[in-house]
Amino acid sequence: MVTQVTIFGGTGFVGKYIANACASQGMRVRLASRHATTKAKQINNPAIELIDADILHDNTIIKAIDGSDAVINCVGILAAQGSNTFANIQHRGAERVARLAVEAGVGRFVQLSAIGANLQSTSHYAQSKALGEQAVQHYFADAMILRPSIIFGREDSFFNRFAAMSKFSPILPLVGANTRFQPVFVGDVSAAAMCGISGNVSGIYELGGSDLASFAELMAIMLKLLERRRLLLKLPNWMGHIMATAFELTSTLTGGLMTPQLTRDQVRNLATDNIVSGNYPSLAELGITPTSMATVLPDYLSITK
């Protein structure tokens, strides 16, 4: 029985949902992330503890997992910067957490990966996700690996980001406009993680929602809810590469002060559909009914009107 769980990346979007779900089941929860304690005011639950930890450093991981029965690793990045490379964070970082968790006697491990994780991918992001999965399974043969599509919810960085852009720009340029996604609600991802720490399930699960649509179609849905008329400008991948190169160069010249709005690796990733393959079990096998976008998006997008 799991009585205490440590969630790495626990102060992030998905991590906080999982933390609240664990706490609601009577578990003691430790949220571990860099500078976690500075976010203490955001957590108003006596069952949830915050601890500063960096998955690049063994000693902080050891402290974070001390006494825990289960570990959930939600740490991930969308763009590399400095020492926070895909290899360091999503491969070696995941491997380090899993290895130290085994040494500490942790019984259950859940790894948050992503649809598209593939050793043969041209995307470094997708490659590192796959390598991270392999590393975790090396130490935890019965680990649960979650591969979600785009995750949506009140604090998401997908719909909220483009909603904010549409507030000021008459045009939304889209690279990979025809790429298909299967957005999954953050609450459903949290429920899947809870199945993983219960000890009843293991292996890879692909998580997709009930809606399947292209990038452009998702933006059209968003704009309709916001009651905004904007031009959706579909850009070819070669143009996306040029734009991404310029963004990355600007970031380099400013010493990282300006975060790239788009990277070349993201353009490569957008060339592949982000939907469940059917080769792995999904939410249905976990007894979870996917939450549709229509029941959630209107609620939080209305705030950005």
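Conventions adopted
Throughout, a residue's number is its position along its own chain's written sequence, starting from 1. Note on the predicted model: pLDDT of at least 70 is required for a residue's local features to be given, and 80 or more for side-chain atom pairs to be given and counted; whole-chain, interface and lining totals, by contrast, use all residues. Here the side-chain values reflect all heavy atoms present in the structure, with hydrogen atoms and water set aside. In this description, a disulfide is simply a cysteine sulfur pair whose atoms lie within 2.5 Å. What goes into a patch is any residue over 30% in relative accessible area without a salt bridge, connected to like charges within 9 Å or, for nonpolar side chains (Val, Leu, Ile, Met, Phe, Trp, Tyr), within 5 Å. We get accessible surface area from the Shrake-Rupley algorithm with a probe of 1.4 Å; when it comes to residues, only the shown protein chains can shield them. For salt bridges, the criterion is a side-chain nitrogen of Lys or Arg within 4 Å of an Asp or Glu carboxyl oxygen. Helical segments are the DSSP runs of H or I of at least four residues, strand segments are the runs of E of at least two, and each set is numbered from the N terminus. By the convention used here, strands pair only if DSSP detects at least 2 bridges between them. Fitted lines through C-alpha atoms serve as axes, helices being fitted only where they are in contact, and the angles separating the N-to-C directions of these axes extend from 0 to 180 degrees. In what follows, residue pairs with any heavy atoms lying within 4.5 Å of each other are defined as contacts. Small angles under 35 degrees read as roughly parallel and large ones over 145 as roughly antiparallel, with 65 to 115 read as roughly perpendicular and the rest as oblique. Under the convention adopted here, Pro, Cys and the residues Ala, Val, Leu, Ile, Met, Phe, Trp and Tyr are nonpolar, Asp, Glu, Lys and Arg are charged, and Gly plus all remaining residues are polar. The definition of a nonpolar core used throughout is a set of buried Ala, Val, Leu, Ile, Met, Phe, Trp, Tyr and Cys residues joined through side-chain atoms within 4.5 Å. Relative accessibility thresholds used throughout: buried, under 20% of the residue-type maximum; exposed, over 50%; partly exposed, between the two (1.4 Å probe, protein chains only). Under this definition, polar contacts are N or O atom pairs within 3.5 Å; protein pairs additionally need one hydrogen-donor-capable and one acceptor-capable atom, and for neighbouring residues in sequence, both atoms have to be side-chain atoms. When the strands point away from the viewer, a crossover counts as right-handed if the path from the first strand over the helix to the second runs clockwise.

*Asks:* An account of the state of the cysteines is requested, with residue identities and associated values reported.
*Replies:* By definition, a disulfide links two cysteine residues through a covalent bond between their sulfur atoms. Tallied over the full model, the rule gives zero disulfides. There is no disulfide at C22, and the cysteine sulfur nearest it, in C74, is 9.5 Å away.

*Asks:* Provide a residue-level description of a nonpolar patch on the surface, including the pertinent values.
*Replies:* Together, I171, L231 and L233 give the surface a local cluster of nonpolar side chains, amounting to about 240 Å² of exposed area. For I171, the position within the fold is in strand β8 (residues 171-175).

*Asks:* Summarise the sheet that holds strand β11 (residues 203-207); cite the residues concerned and give the values.
*Replies:* Read across the sheet, seven strands follow the order β3-β2-β1-β4-β5-β6-β11 without closing on themselves; strand pairing throughout is parallel. Pairing within the sheet leaves two strands with one partner each, and these edge strands are β3 (48-52) and β11. Going from strand to strand, the sheet's axes swing by 20° on average, the running direction of each strand aside. Contacts between helix α2 (residues 58-65) and the sheet are confined to β1 (4-8), β2 (28-33), β3 and β4 (70-73), with β1 contributing the most and set at about 145° to the helix.

*Asks:* Provide a residue-level description of the packing of helix α3 (residues 86-103) against helix α4 (residues 124-139), including the pertinent values.
*Replies:* With their axes 8 Å apart at the nearest point, α3 and α4 run at an angle of 10° to one another. The angle between the axes of α3 and α4 places the two elements in the roughly parallel class. Residues F86, A87, Q90, H91, A94, E95, A98, R99 and V102 of α3 lie in contact with α4, whose contacting residues are H124, Y125, S128, K129, L131, G132, A135, V136 and Y139. Of the residues assigned to the contact of α3 with α4, the class counts are ten nonpolar, five polar and three charged.

*Asks:* Mind laying out the nonpolar core, listing which residues take part and the relevant values?
*Replies:* The tendency in soluble globular proteins is for nonpolar side chains to be buried as a group. The biggest cluster of nonpolar side chains holds 67 residues, and the ones touching the most others in it are V5, I7, V29, L146, F159, M219 and M222. Sequence-distant contacts of M222, defined by excluding residues within four places in its chain, comprise F159, F162, A163, S166, L172 and L301. In terms of nonpolar packing, the next biggest core, distinct from the first, is built from 27 residues, I61, A101, F140 and A143 among them.

*Asks:* Any chance you could break down the side chain of T11 for me, citing the residues and the numbers?
*Replies:* Looking at the secondary structure, you find T11 in the loop between β1 and α1 (13-24). Among the polar contacts made by the side chain of T11, one reaches the side chain of S33 at a distance of 2.9 Å. In contact with T11, other than residues within four places in its own chain, are K16, L31, S33, A36, K39 and L50.

*Asks:* Quick one: what's the story with unusual backbone geometry, residue by residue and with numbers?
*Replies:* The residue H35 is not glycine, and still its phi comes out positive at about 60°. Tracing the sequence through the fold places H35 in the loop between β2 and β3.

*Asks:* Explain the pairing of strand β5 (residues 108-112) to me, using residue names and the numbers behind them.
*Replies:* The buried fraction of β5 amounts to five of the five residues, a majority that puts the element mostly inside the structure. Burial along β5 is two-sided: R108, V110 and L112 and F109 and Q111, pointing in opposite directions, are all buried. Sheet analysis places β4 next to β5, joined by four bridges and oriented parallel. Its bridge partner lying in β5, N73 is registered against Q111. In this region the chain leaves β4, passes through α3 and returns to the parallel neighbour β5; the handedness of that crossover is right-handed. As judged from the three bridges shared by β5 and strand β6 (residues 144-148), these two strands associate in the parallel manner.

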